[in-house]
Amino acid sequence: NIYTGLGGYTIDFNLLISMIYGVENPRKVSGRYATIFYPVYDNPHKTKHVFQQQTRLKQSLIDQGFEILETENGSNKAKSLVDDKEYDIDDQRLIAKMKERMNKYDKALVLTGDKHFASIIKEYQQTGIDVTIISIQPEDTSTEILAFDQHHHYITDFWECIEL
């Protein structure tokens, strides 16, 4: 969703990490995870085109030190029902990874505006993890994420990290 909201721009995550945490060598920061959803459309040409876009995104993230968690469900939407609530399977995959790795960090940077991340962010904070949240723009940021006001920023606060 971050990349959808950026409209094709990319983020220099190493610079972003340096700006937020003052890290001299951001490549040494461990635990970089991202999910990529591979949709399937009725039109096989569209499916192939989007797959190619996602593959380029995946490589860009790998080049910046990310481990990619790939998801698919055979449809064009990442939606699934869990306990009669609709969730994105890519979000759920990343949230599961965050729960698995919770005791490994003292700081976390989460790029999302999605309300589904609010409870895991609260869990991180309750265990003493300093969490910084970055979303793209107000229209893409849930009220649940905005509630973390002093820990929340928009990516436009870090223009230097956005590559045209």
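Just above, that's the structure.
Here we summarise the structure given alongside this text. (Residues numbered from 1 in each chain as written. Predicted model: local features only at pLDDT ≥ 70, side-chain atom pairs only at ≥ 80, totals over all residues. Heavy atoms only, no water.)

Okay, helix α5 (residues 118-126) next. Every buried residue of α5 is accounted for by Ala-118, Ile-120, Ile-121 and Tyr-124. Within α5, the buried residues cover an arc of 165 degrees as seen down the axis, which keeps them to one side. Buried residues in α5 make contact with α4 (89-100), β6 (107-111), β7 (130-135) and α6 (143-146). Gly-128 sits one or two positions beyond α5 and adopts a positive phi of about 90 degrees. (Buried < 20%, exposed > 50% of the residue type's maximum accessible area, 1.4 Å probe, protein only. Helix = DSSP H or I, 4+ residues; strand = E, 2+ residues; numbered from the N terminus. Arc of directions from axis to C-beta. Contact = heavy atoms within 4.5 Å.)

A word on the sheet that holds β6. What holds strands together in a sheet is hydrogen bonding between their backbones, with the strands either parallel or antiparallel. Pairing within the open sheet is parallel, and its three strands lie in the order β6-β7-β8. Two strands close off the open sheet at either side, each with one partner strand: β6 and β8 (152-154). With strand direction ignored, the average angle separating the axes of adjacent strands in the sheet is 20 degrees. Where β6 lies against β7, five bridges are found, and the strand directions are parallel. Bridge assignment links Leu-109 to a residue of β7, and that residue is Thr-132. Each of β6 and β7 touches helix α2 (residues 13-21); the most contacted strand, β6, lies at about 130 degrees to it. (Pairing = 2+ DSSP bridges. Axes fitted to C-alpha atoms, helices over the stretch in contact; angles between N-to-C directions.)

The next point concerns the nonpolar core. Formed by 19 residues in total, the largest nonpolar core has its most connected members in Met-98, Phe-117, Ile-120, Ile-121, Tyr-124 and Val-131. Where this core is concerned, the elements lending two or more residues are α4, β6, α5 and β7. Looking at which element gives the most residues to this core, the answer is α5, with four residues. When sequence neighbours within four positions are dropped, the list of residues in contact with Phe-117 reads Asp-91, Leu-94, Ile-95, Met-98, Val-110 and Thr-112. Grouped together as the second largest cluster of nonpolar side chains are 16 residues, Phe-13, Leu-16, Leu-61 and Ile-68 included. (Core = buried A, V, L, I, M, F, W, Y, C linked by side-chain atoms within 4.5 Å.)

With that settled, consider the layout of surface pockets. Of the volumes computed, that of the second largest pocket is approximately 190 Å³. In terms of lining, the second largest pocket is formed by Val-82, Asp-83, Lys-85, Tyr-87, Gln-92, Ile-95, Lys-99, His-116 and Ser-119. Those elements giving two or more residues to the lining of the second largest pocket turn out to be β5 (85-88) and α4. The dominant element in the lining of the second largest pocket, judged by the number of residues it contributes, is α4, at three residues. Classifying every residue of the lining of the second largest pocket gives three nonpolar, three polar and three charged. (1 Å grid on protein atoms, 1.4 Å probe; cavity = no way out; pocket = protein on both sides within 12 Å on 5 of 7 lines; lining within 4 Å. Points joined across faces, edges and corners; volume = space filled by probe spheres on them. Nonpolar A, V, L, I, M, F, W, Y, C, P; charged D, E, K, R; others polar.)

With that out of the way, let us pick up the environment of Ile-95. With respect to the secondary-structure elements, Ile-95 resides in helix α4. Judged by its relative accessible area of 8%, Ile-95 is buried. Considered as a pair, Ile-95 and Ser-119 are 24 residues apart in the sequence and their alpha carbons are 9.5 Å apart. Look past the residues within four positions of Ile-95 in its chain and what remains in contact with it is His-116, Phe-117 and Ile-120.

On to the environment of Gln-54. As for its position among the elements, Gln-54 is in helix α3 (residues 44-63). Owing to a relative accessible area of 18%, Gln-54 belongs among the buried residues under this scheme. Sequence-wise, Gln-54 and Asp-114 are 60 residues apart; in three dimensions their C-alpha atoms are separated by 20 Å. Residues in contact with Gln-54, not counting those within four places in the same chain, are Ile-36, Phe-37 and Tyr-38.

Going through the model one piece at a time under the given rule, you end up with three salt bridges. A salt bridge links Glu-70 to Lys-58; its shortest N-O distance comes to 3.0 Å. Taken together, the residues Glu-70 in strand β3 (residues 67-71) and Lys-58 in helix α3 connect sequence positions twelve residues apart. A residue is classified by how much of its surface remains accessible, and Glu-70, at 37% relative accessible area, is partly exposed. Residue classification places Lys-58 among the partly exposed residues on the basis of a relative accessible area of 24%. (Salt bridge = Lys/Arg side-chain N within 4 Å of Asp/Glu carboxyl O.)

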